[in-house]
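Now for the letters of each chain:
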Amino acid sequence: MGKPMQVSRFWRHFKEKYRLVGSKCKKCGKIHFPPRQVCDECGSREMEEIQLSGRGKVISWTIVRNPPSGFEYYKPYPLALIELEEGPIILAQLTDVDPEEITFGMEVEMVTRKIREFNEDGIILYGYKFRPPIK
Ligand SMILES: [Zn+2]
């Protein structure tokens, strides 16, 4: 019965790696993602860790038609700027959506998906993607 244990160990690690943790300034309340040591709004160093909801909306997007090597499997794929509910704006891949259906202000939520590791091309891709919420 070694299997359930392996799964839970994997899952714990997985969630830790891909949870959306930002930082909140204790002075002015600004929320940053990725987390920062110093607030870029007021310069305060008093920051606390905050768990972000993973919900947001699309404010801009593009269809990547020539991904770097190693990402061919996904091509073409939509890459979007997403404004999180808490304020920070992040760049992430959209999934489970027809590129034709993407609109400004479209609501999305974070999902964790299998994704290629970082490679020497230096592209910044997080270990999560966003998709329209299941209604
Ligand atoms: Zn601040």
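Here the structure is a predicted model, which is why all the values come from computation and not from measurement.

## Observations regarding the pairing of strand 5 (residues 77-84)
Of all eight residues that make up strand 5, six are buried, and the element is covered over most of its length. Direction of pairing for strand 4 (residues 55-64) relative to strand 5: antiparallel, over a ladder of eight bridges. Note on strand 5: the bridge partner recorded for Val64 is Tyr77. Counted between consecutive antiparallel strands, the loop separating strand 5 from strand 6 (residues 89-94) contains four residues, among which Gly87 sits at a positive phi close to 120°.

## Considering the sheet that holds strand 5
The five strands lie next to each other as 4-5-6-8-7, forming a closed barrel whose pairing is mixed. Along the sheet, successive strands turn relative to each other by an average axial angle of 50°, direction set aside. Across five bridges, the pairing between strand 5 and strand 6 is antiparallel. Opposite Leu81, over in strand 6, you have Leu91 as the bridge partner.

## Examining unusual backbone geometry
Across the chain, the bulk of peptide bonds are trans and the bulk of non-glycine residues have phi less than zero. In this structure, the amide linkage connecting Phe33 to the following residue, Pro34, adopts the cis form with an omega of -5°. Within the secondary structure, Pro34 is located in the loop between strand 2 (31-32) and strand 3 (47-51). Look at Asp96: it is not a glycine, yet its phi comes out positive at around 55°. Counting through the fold element by element, Asp96 comes out in the loop between strand 6 and strand 7 (107-112). On the basis of relative accessible area, Asp96 is assigned to the partly exposed category, the value being 49%.

## Section: the sheet that holds strand 3
In spatial order, the strands read 2-1-3; together these three strands make up an open sheet with antiparallel pairing. The strands lining the two open edges of the sheet, one partner per strand, are strand 2 and strand 3.

## Focus on the pattern of salt bridges
Applying the stated criterion across every chain yields a total of five salt bridges. With its nearest N and O atoms 3.0 Å apart, the salt bridge here joins Lys30 to Asp40. A residue pair is termed long-range when its members are at least 10 positions apart, and Lys30 in the loop between strand 1 (21-25) and strand 2 and Asp40 in the loop between strand 2 and strand 3 qualify at ten residues. For the salt bridge of Asp96 with Arg131, the shortest nitrogen-to-oxygen distance reads 3.8 Å. Here Asp96 is found in the loop between strand 6 and strand 7, whereas its partner Arg131 is found in strand 8 (residues 128-131), with 35 residues between them in sequence. Among the residues examined, Arg131 registers a relative accessible area of 17% and is labelled buried. The structure contains a network of salt bridges with shared partners spanning Lys30, Asp40 and Glu41.

## A closer look at the coordination of the zinc ion
Distances from the zinc ion to its protein donors, Cys25 (SG), Cys28 (SG), Cys39 (SG) and Cys42 (SG), fall at 2.3 to 2.4 Å. One way to put it: the four donor atoms around the zinc ion meet at angles of 103 to 117°, and that makes the site tetrahedral. All donors to the zinc ion come from one chain, and their sequence spacing reads C-x2-C-x10-C-x2-C. One end of the pair, Cys28, is in the loop between strand 1 and strand 2; the other, Cys39, is in the loop between strand 2 and strand 3, and eleven residues separate them in sequence. With relative accessibility at 39%, the residue Cys28 sits in the partly exposed group. Cys39 gets classed as buried once you look at its relative accessible area, which sits at 3%.

About the criteria used
- Residues numbered from 1 in each chain as written.
- Predicted model: local features only at pLDDT ≥ 70, side-chain atom pairs only at ≥ 80, totals over all residues.
- Heavy atoms only, no water.
- Buried < 20%, exposed > 50% of the residue type's maximum accessible area, 1.4 Å probe, protein only.
- Helix = DSSP H or I, 4+ residues; strand = E, 2+ residues; numbered from the N terminus.
- Pairing = 2+ DSSP bridges.
- Axes fitted to C-alpha atoms, helices over the stretch in contact; angles between N-to-C directions.
- Salt bridge = Lys/Arg side-chain N within 4 Å of Asp/Glu carboxyl O.
- Donors = N, O, S within 2.8 Å, 3.2 Å for Na, K, Ca; no water.
- Tetrahedral: all angles 85-135°; square planar, octahedral: opposite > 155°, others 65-115°.

Any functional reading would require information that these geometric values do not contain.
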